[in-house]
Amino acid sequence: MAEAHQAVAFQFTITPEGIDLQLSYQALNQIYLSGVRSWKKRVSRVRNSLIKGVYPASPSSWLFVSIAILATMYMRSDPSMGLITKIQHHLPLSLHMSLSAQGQTMLSALVFSTLLWLSLILALRFCLKLLLSYHRWMFEQHGRVSNFTKVWVTLLGLLSSRKPLLYSYQTSLPHLPVPAIKDTLSRYLRSVRPLLNDLEYKRMSELASDFEKNLGNRLQRYLKLKALWATNYVSDWWEEYIYLRGRGPIMVNSNYYGMDFLYVTPTSVQAARAGNTITALLLYRRKVNREELKPSRVPGTVIPLCAAQCERMFNTTRTPGEETDVLQHWQDSEFVAVYHKGRFFRLWVYRAGRLMSPRELEYQIQKILDDPSPPQPGEEKLGALTAGDRIPWAQVRKQYFSSGVNKRSLDVIEKAAFFITLDDEEQGMRGEDPAGNLDRYAKSLLHGKCYDRWFDKSFSIVIYKNGKNGLNAEHSWADAPTVAHLWEYTLATDAFHLGYTEDGHCKGEVEPLLPHPQRLLWDIPLEVQAQQCSSLAVAQALADDVDCHIVHFRDFGKGRIKKLRVSPDAFVQISLQLAYYRDRGSFCLTYEASMTRLFREGRTETVRSCTNESAAFVKALENGEDEESCRRLFRLASETHQNLYRMAMTGAGIDRHLFCLYVVSKYLGVDSPFLKEVLSEPWRLSTSQTPIQQIELFDLKNHPDYVSLGGGFGPVADDGYGVSYIITGEDMINFHVSSKHSCNQTVTNIKPAMVDVLCNIPDKTHQKSLEIATERKG
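Residues numbered from 1 in each chain as written. Predicted model: local features only at pLDDT ≥ 70, side-chain atom pairs only at ≥ 80, totals over all residues. Heavy atoms only, no water.

1. Concerning the pattern of salt bridges
Inspection of the entire model under this criterion finds 37 salt bridges. A salt bridge links Glu613 to Arg190; its shortest N-O distance comes to 2.4 Å. Of the two residues, Glu613 is situated in helix H20 (residues 612-622) and Arg190 in helix H8 (residues 181-192); the sequence distance between them amounts to 423 residues. Using a relative accessible area of 11% as the deciding quantity, one classes Glu613 as buried. Here Glu511 ties to Arg354 by a salt bridge, and the two come within 2.8 Å at their closest N and O atoms. (Salt bridge = Lys/Arg side-chain N within 4 Å of Asp/Glu carboxyl O. Helix = DSSP H or I, 4+ residues; strand = E, 2+ residues; numbered from the N terminus. Buried < 20%, exposed > 50% of the residue type's maximum accessible area, 1.4 Å probe, protein only.)

What follows is the structure in structure tokens.
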């Protein structure tokens with residue numbers, strides 16, 4: 001076979017006449033080109049390290065400093081105030097012997113220029129770090145910016161005027177501060193007040209007071225000590241104890257999903273959609289490697305966000321352990337792993353050092369789709385091991401996948417750039433039941449058949465038979481905004497940049513003699529197959545219990561909400577409080593994810609969205625109080641929510657601090673009744689907004705159908721809800737609501753709650769909008 005011959009660089013046989021050496025020049029040429037590509041990447045990394053190492057200055061600024069110093073000396077002036085002479089006296093004896101006096105002076109001036117340049121860079125970076133540590137701007141009212149903040153914005157703009165690389169700001173970002181324990185406890189007690197009666201609140205207050213007076217300050221000292229030397233005092237413990245040490249299934253419980261466009265499928269050809277999607281993802285990886293991506297910023301500002309989560313986006317796998325899992329990251333893989341109808345394949349995506357064209361990748365994918373070979377024994381449901389409990393998977397992996405053919409094949413999956421499932425189902429908003437089909441689409445991306453995804457990969461792409469696509473992402477290595485940024489780029493590049501021919505195929509030509517995709521070989525004993533069945537049973541029970549609903553809300557969007565001068569996020573969160581109260585007749589502990597990426601290696605913080613103010617508004621609305629009272633209470637609730645969100649973003653949150661205090665208590669071997677109770681409280685309403693970060697990629701005016709559905713996740717509590725929402729354009733909000741069938745409560749009805757909130761807080765200038773909303777509700 002041609003591809004088998006090309007797989008080796010040379011062959012030799014021993015004959016009576018001597019050794020007969022046969023070289024494959026084509027293979028050697030490919031090895032050479034791959035080596036060139038590898039060295040180009042190394043040179044690029046060194047260059048980028050130099051550029052970001054001196055940011056906000058530039059490497060060329062050294063030349064200007066040196067010329068300025070030399071020019072000043074030429075004018076017979078000593079800008080160093082005698083330092084150049086001292087440097088000259090301390091030059092090695094060999095230089096004194098080989099250089100003239102003028103040469104020695106010149107060399108000493110260059111050394112001084114370099115030291116001065118480095119000092120200026122350190123000073124600039126220190127100033128940039130100080131500027132990025134200022135967060136009071138976030139708490140100022142819109143349109144009432146203080147003079148101090150105006151000066152701060154100007155200085156930050158000057159220091160950020162040079163085009164930065166992806167990681168240019170990393171070393172200038174401030175460290176996450178440790179809040180005062182008194183402040184955290186005060187905020188905590190305020191957050192639980194609407195959930196407790198008077199006796200329960202008094203008891204919790206006494207527990208908090210006792211904790212602060214006794215154990216709390218001791219734990220706080222250890223935590224501050226960690227904050228002195230750790231880059232981020234939360235993130236490593238959060239990754240390990242919240243994610244990697246979990247022993248239950250990560251499918252549904254941890255992994256989350258992202259969806260395709262709502263109304264549009266760019267092509268119905270499965271192989272073509274796969275070809276463009278793979279290409280777009282690898283182009284994004286190239287941008288990450290070359291640091292060509294613009295650093296993410298706080299929307300509407302020049303303030304950068306931490307980019308550390310991008311480092312493990314590709315070529316990363318979570319490997320199971322009996323006590324804790326481990327995240328493994330490899331250098332760039334030149335292949336992806338593909339699953340189709342129970343078979344695993346390795347698909348090479350580079351050819352002779354270049355990325356294959358989308359048309360070539362489509363051709364390769366079609367080879368897999370047309371392959372009639374059946375799965376090997378135990379191969380079809382191998383992925384179920386990643387969907388079940390972690391300890392059995394760790395034990396099986398150690399015993400049966402640590403050597404031989406199984407290890408080689410598993411290495412291909414784990415070291416692949418990412419994982420792809422070519423699904424044999426059709427999904428999307430289609431047919432006579434579009435809403436129901438969207439629900440099934442969400443469930444498919446969340447768990448599939450429980451064995452046709454590799455849930456341990458950093459992310460897995462799913463390409464459906466009708467050309468629809470989506471992804472499933474593992475949570476420990478990064479949070480949803482990082483994956484959403486990748487997915488936005490992928491969808492936009494696929495639809496608007498790469499495109500398709502009129503008959504739905506990828507553009508470009510196919511080079512002859514492409515190497516065929518390689519089937520992975522397995523030797524799976526009956527013991528492993530038995531464990532597959534056990535893991536599949538656990539995963540299937542979990543998947544069957546999950547209920548997913550997508551609420552496509554078009555009555556109004558952020559455009560009308562902003563006319564009311566309230567935050568769209570606060571509006572949605574208060575509406576969710578109203579919807580939950582109507583379902584259960586009570587309030588619950590509510591989790592809203594907020595980022596802390598203003599700080600180095602920051603991840604998330606919790607906004608406790610159920611507040612005294614939101615509870616007061618909901619009760620007033622349900623009790624039929626007058627419109628003026630409801631409007632006043634709503635604005636107060638909205639302002640409170642926004643303030644909590646800002647505090648969480650700026651390091652003054654509640655839950656990460658208490659979590660780290662709890663970890664310290666466990667290391668010290670001491671128990672705290674207060675921390676134990678706090679950390680065991682269930683989050684019955686877990687919410688998250690999916691932000692649209694790259695608005696410039698999507699022209700909704702000319703392409704209004706290319707709107708994103710966003711993504712979602714499973715419920716956190718058995719009797720609770722997982723709610724994700726994406727505010728798209730000016731007139732649309734898409735909700736992803738998950739719960740469990742085993743919970744007999746009703747599903748949260750968001751639409752009436754949203755409209756009821758809008759109907760009770762209008763200004764007189766918005767009566768027309770109110771009438772339209774009321775009509776739609778009816």
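2. Describing the nonpolar core
Generally speaking, nonpolar side chains in soluble globular proteins are found buried as a group. Judged by nonpolar contacts, the single largest core of 54 residues is most densely connected at Ile278, Phe418, Ile420, Leu422, Phe459 and Ile461. When residues of this core are traced back to their parent elements, those giving at least two are helix H11 (270-289), strand E6 (335-340), strand E7 (343-348), helix H12 (358-370), strand E10 (419-422), strand E11 (459-463), strand E12 (469-473) and helix H16 (480-498). Dropping the residues within four chain positions of it, Ile461 is found in contact with Thr277, Leu281, Phe418, Phe419, Ile420, Thr421, Gly470, Leu471 and Trp487. The next biggest cluster of nonpolar side chains, apart from the first, holds 53 residues, and it includes Leu128, Cys306, Ala308 and Leu589. (Core = buried A, V, L, I, M, F, W, Y, C linked by side-chain atoms within 4.5 Å. Contact = heavy atoms within 4.5 Å.)

3. Re the pairing of strand E19 (residues 721-728)
Within E19, 8 of the 8 residues are buried, which leaves the element mostly enclosed by the surrounding structure. Burial along E19 is two-sided: Tyr721, Val723, Tyr725 and Ile727 and Gly722, Ser724, Ile726 and Thr728, pointing in opposite directions, are all buried. Relative to E19, strand E17 (residues 685-689) is paired through 5 bridges, and the arrangement is parallel. For Leu685, the partnering residue across the bridge sits in E19 and is Tyr721. Where E19 lies against strand E20 (residues 732-740), 7 bridges are found, and the strand directions are antiparallel. For Ile726, the partnering residue across the bridge sits in E20 and is Asn734. The loop that links E19 with its antiparallel partner E20 comprises 3 residues; one of these, Gly729, has a positive phi angle of about 60 degrees. (Pairing = 2+ DSSP bridges.)

4. Details of the domain arrangement of the protein chain
Assigned domains of the protein chain: these are domain 1 (1-53), domain 2 (59-133), domain 3 (214-230 + 554-692 + 710-763) and domain 4 (250-547). Averaged C-alpha coordinates put domain 2 and domain 4 at centres separated by 53 Å. (Domains from an automatic or database assignment.)

5. Overview of unusual backbone geometry
In this structure, Pro56 follows Tyr55 across a cis peptide bond, with omega equal to 15 degrees. Relative to the helices and strands, Pro56 is located in the loop between helix H2 (25-53) and helix H3 (61-74). We note that Arg565 has phi near 60 degrees; this positive angle belongs to a residue other than glycine. Of note, Arg565 is situated in the loop between helix H18 (558-563) and helix H19 (568-584).

6. A few points about H12
Since there are 3.6 residues in each turn of an α-helix, residues three or four apart along the chain are aligned in direction. Under the 1.5 Å per step criterion, the end-to-end length of H12 is 18 Å for 13 residues, consistent within 8% with the ideal 18 Å. For H12, the full list of buried residues reads Pro358, Glu360, Leu361, Glu362, Gln364, Ile365, Ile368 and Leu369. Of the surrounding elements, those touching the buried residues of H12 are H11, E6, E7, strand E9 (354-355), E10 and H16. (Expected span 1.5 Å × (residues − 1).)

7. Looking at the pairing of strand E14 (residues 546-553)
Buried residues dominate E14, accounting for 7 of its 8 residues. Across 8 bridges, E14 lies against E20 in antiparallel orientation. Paired with Phe553 across the bridge in E20 is Ile733.

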